[in-house]
Amino acid sequence: FSDKGVQAFFSDREGNLWLGTNTFGLSRLKQNFIESFDESRGVANNQTAAVLEDSKGNLWIAGFGLHKLENNRFIAERKIPQSFLLSLAEKRDGTLLTGGYDVLFARHPGGSIKDLSGEIKQALGTATFAVKAIFEDSYGNLWLGFREHGLLRRDVNGNYKRFTTEQGLIGN
């Protein structure tokens, strides 16, 4: 796999190891068997940047869009515009968050989508960003890690605070 540009690793509740690649789709290592998922099985552009199993046991991938595994094939979440997504996380309330180049979306448990991109652009003071990591802490604060823009925390009241090298980060 070293020449395939592995972007994501994930171990599901059955102990399978999922490997997402930059150009060769997704592979599932199950015991001694490797199963590949590519465009023919719903992996758009053969790109997988993040893999997540939600609290209900559904497997999701982020890459060129957000996709859910159904009947051994990935199905696109059509309510989220096709853009390159880099990160994926689930909040305690079951909301899926996915971010990428200039976008951050929340997919609520009922299936409704909220575009949070405008909030992020305003909080960062820039129109361009790349969400590389998403995390909800035990207090319910949402943390976003960016390429070149440091770290952003959205507290439970919806207030944003940015952390950069000025606040002590080793890099932005």
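The structure contained in this document is the topic of the report that follows. (Residues numbered from 1 in each chain as written. Predicted model: local features only at pLDDT ≥ 70, side-chain atom pairs only at ≥ 80, totals over all residues. Heavy atoms only, no water.)

Points about the sheet that holds strand 11 (residues 103-107)
The strands making up a sheet associate through hydrogen bonds between their backbones, and the pairing can be parallel or antiparallel.
Point 1. Ordered in space as 9-10-11-12, the four strands form an open sheet in which the pairing is antiparallel. Because the sheet does not close on itself, it has two edges, and the strands there are strand 9 (85-90) and strand 12 (113-115). Neighbouring strand axes in the sheet, compared pairwise and without regard to direction, differ in orientation by 20° on average.
Point 2. With five bridges joining them, strand 9 and strand 10 (residues 96-100) adopt antiparallel strand pairing. (Pairing = 2+ DSSP bridges. Helix = DSSP H or I, 4+ residues; strand = E, 2+ residues; numbered from the N terminus. Axes fitted to C-alpha atoms, helices over the stretch in contact; angles between N-to-C directions.)

Topic: the pattern of salt bridges
Point 1. Applying the stated criterion across every chain, the model contains eight salt bridges.
Point 2. With a shortest N-O distance of 2.3 Å, Arg28 and Glu35 are connected by a salt bridge. One exposure class covers both Arg28 and Glu35, and it is buried.
Point 3. Linking Arg107 and Glu77 is a salt bridge whose minimum nitrogen-to-oxygen distance equals 2.6 Å. With Arg107 in strand 11 and Glu77 in the loop between strand 8 (73-76) and strand 9, the pair connects residues that are 30 residues apart, well separated along the chain. Accessibility classification places Arg107 together with Glu77 in one group, the buried group.
Point 4. Counted as one network, the salt bridges with shared partners bring together Arg28, Glu35 and Arg41. (Salt bridge = Lys/Arg side-chain N within 4 Å of Asp/Glu carboxyl O. Buried < 20%, exposed > 50% of the residue type's maximum accessible area, 1.4 Å probe, protein only.)

So, the packing of aromatic side chains
Two numbers describe a pair of aromatic rings. These are the distance of the centres and the angle of the planes.
Point 1. According to the stated counting rule, one finds five aromatic pairs in the structure shown.
Point 2. Ring geometry for Trp18 versus Phe37: centroids 5.6 Å apart, planes at 40°, classification tilted. A residue pair is termed long-range when its members are at least 10 positions apart, and Trp18 in strand 2 (residues 17-21) and Phe37 in strand 4 (residues 33-37) qualify at 19 residues. Each member of the pair, Trp18 as well as Phe37, carries the same accessibility label: buried.
Point 3. Ring centres 5.5 Å apart and planes at 80° place the aromatic pair Phe37 and Phe74 in the edge-to-face group. You can see Phe37 sitting in strand 4 and its partner Phe74 sitting in strand 8, a full 37 residues away along the chain.
Point 4. The class of Phe37 is buried, set by a relative accessible area of 0%.
Point 5. Judged by relative accessible area, which is 2%, Phe74 ranks as buried.
Point 6. Three or more aromatic residues joined by ring pairs form one cluster here, namely Trp18, Phe37 and Phe74.
Point 7. Sitting above the plane of the Phe37 ring, Arg41 keeps its charged end 4.0 Å from the centroid. (Phe/Tyr/Trp six-rings, centres within 6.5 Å; stacked < 30°, edge-to-face > 60°. Lys NZ or Arg CZ within 6 Å of the ring centre and 35° of its normal.)

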